[in-house]
Amino acid sequence: MTAGLVHIPMEVDAPLRSVSDPEIPVLSILDMGVVRAVELVGKQVHVKITPTYSGCPAMDMIAAEIKMALDMAGFNSEVELVLSPAWTTDWLTPEGRRKLEEYGIAAPLEDSADKLALMGQSRMVECPHCESKNTRMVSQFGSTACKALFQCNDCLEPFDYFKCLK
Amino acid sequence: MQEKIQQYALMLGDSPLILGHRLSELCGHGPSLETDMALTNISLDLLGQVRHYFQYVAKLKGDGTTEDDLAFLRYEPDYHNLLLTEQPNTDFAFIIGRQFLFDAYHLPLLEQLMESRDEQLAAIATKSIKEVRYHLRFSSEWVKRLGAGTEESHRRMQKAINALWHFTPELFEETELERAMKEAGFGADLEKVKVQYDQTIQEVMQAANLQLPAETHPQFGGKKGIHSEQLGFILADLQYMQRAYPNMTW
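Residues numbered from 1 in each chain as written. Chains lettered and ligands numbered in written order. Predicted model: local features only at pLDDT ≥ 70, side-chain atom pairs only at ≥ 80, totals over all residues.

1. Looking at the confidence of the model for chain B
In the predicted model, chain B carries a mean pLDDT of 96, and 100% of its residues have values of at least 70. Taken over the whole predicted complex, pTM reads 0.93, whereas the ipTM for its chain interfaces reads 0.86. (pLDDT = per-residue confidence, 0-100.)

2. Let's talk about the sheet that holds strand β4 (residues 44-49) of chain A
All names here are of chain A. With respect to topology, 3 strands assemble into an open sheet ordered β3-β4-β5, the strand pairing being mixed. Looking along the sheet, the strands with just one partner apiece sit at the ends: β3 (35-41) and β5 (76-81). Neighbour-to-neighbour, the strand axes of the sheet open up by a mean angle of 15 degrees, direction not taken into account. One ladder, built from 6 bridges, connects β4 with β5; its direction is parallel. Following the sheet pairing, V47 is matched in β5 by V79. Strands β4 and β5 of the sheet are contacted by helix α3 (residues 58-72), whose axis makes an angle of about 160 degrees with β5. (Pairing = 2+ DSSP bridges. Helix = DSSP H or I, 4+ residues; strand = E, 2+ residues; numbered from the N terminus. Axes fitted to C-alpha atoms, helices over the stretch in contact; angles between N-to-C directions. Contact = placed C-beta atoms within 7 Å.)

3. Observations concerning the sheet that holds strand β7 (residues 135-139) of chain A
All names here are of chain A. Taken in spatial order, the 4 strands make up an open sheet running β6-β9-β8-β7, and their pairing is mixed. Since the sheet does not close on itself, it has two edges, and those belong to β6 (105-106) and β7, each with one partner. One ladder, built from 4 bridges, connects β7 with strand β8 (residues 147-152); its direction is antiparallel. Bridge pairing in β8 links T135 to C152.

4. Notes on the interface of chain A and chain B
Often the size quoted for an interface is simply the accessible area lost on bringing the parts together. With 15 residues of chain A in contact, the opposing surface of chain B contributes 19 residues. Along the lines of polarity and charge, the residues of the side of chain A that touches chain B split into 8 nonpolar, 6 polar and 1 charged. (Nonpolar A, V, L, I, M, F, W, Y, C, P; charged D, E, K, R; others polar.)

5. Some remarks on the confidence of the model for chain A
Within chain A, residue pLDDT values average 90, and 98% of them lie at 70 or more. When pLDDT is averaged over each element of chain A, β4(A) comes out on top at 96 and helix α5 (residues 111-118) of chain A at the bottom at 84.

Below you can see the structure in the form of structure tokens.
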């Protein structure tokens, strides 16, 4: 999705990359697609971020951490929350999906497969621990707004599944 | 027109605020861990949506009013939420029934608002609808599970629908403000919302083996600030901290 690509000026890439979602610390906000635009003029940076879910309590903290990271790198920054276009799991980068899996969270499936999996009608979500697809949906709503709870029927481990959001 | 958009956005935020509060009361009290998490997740989504509406209203007002002032410092007649949303948590069938009726209305309402000429209202609706699809899926599955479940779950689900039904005509009662917003291309057309709502209700009721009650004694008032006795108790809870310790923050 081209809408997912955001140009990040090289000078601020490292400080922005250092900020992660407090709920999923392995995932940089750049890998999540939460940063929508960055304008750099001299030492002044204007960053636009968008929430994953409306009620995501991490957004205020992410905004504060962006300011802090940029401040420490010697920039003045302003962070603006934008709602449109609305965030979609398509904006997770391949790197982000890989990190999610490594962390033990199954990455989102495509829209139609996601619906079937969440209705408990198909076994397509792969266990991030043992890679078995013999898994079952435990709860459509999980530990945070963006996740559902699954369990693997083979290794018996419970795990989170990052829900598809289109 | 600017003032009408403020009032309209405030009204749109009031129903998810009050329902979100009702659902938050269930935190730690859900009948099972999974339903507890689901209902509080839905609460969080709704309260997040409210923040978008109220932040927008605060920005339009431009007089220093904050989203918190709008949530915590108004009086009962200033809230224009639907009566349905303030009904108390009794048994699980009732909670699910209230949620289902609201979700079945909320989804087509947001579909209409996505087309609003007001860019920010359209953006909020486009964002929120992704979450509301999950809500409706959850609540309609539970209505079916309870309705077509055991004799006891069927009896309770039917009883809940019967008790809540007289709050539903209000969903489609068009106030002067709503008419003005619709005509200006900013607001939802409730007649169109109702077509989709009726279809959802019919499908789910049929699959759940439930009967729609004959409409009796419809209750109106919430949208005009005339509430049931429930709202006062909710506000006492919701506003206590701000009233007792003005301007307190976390």
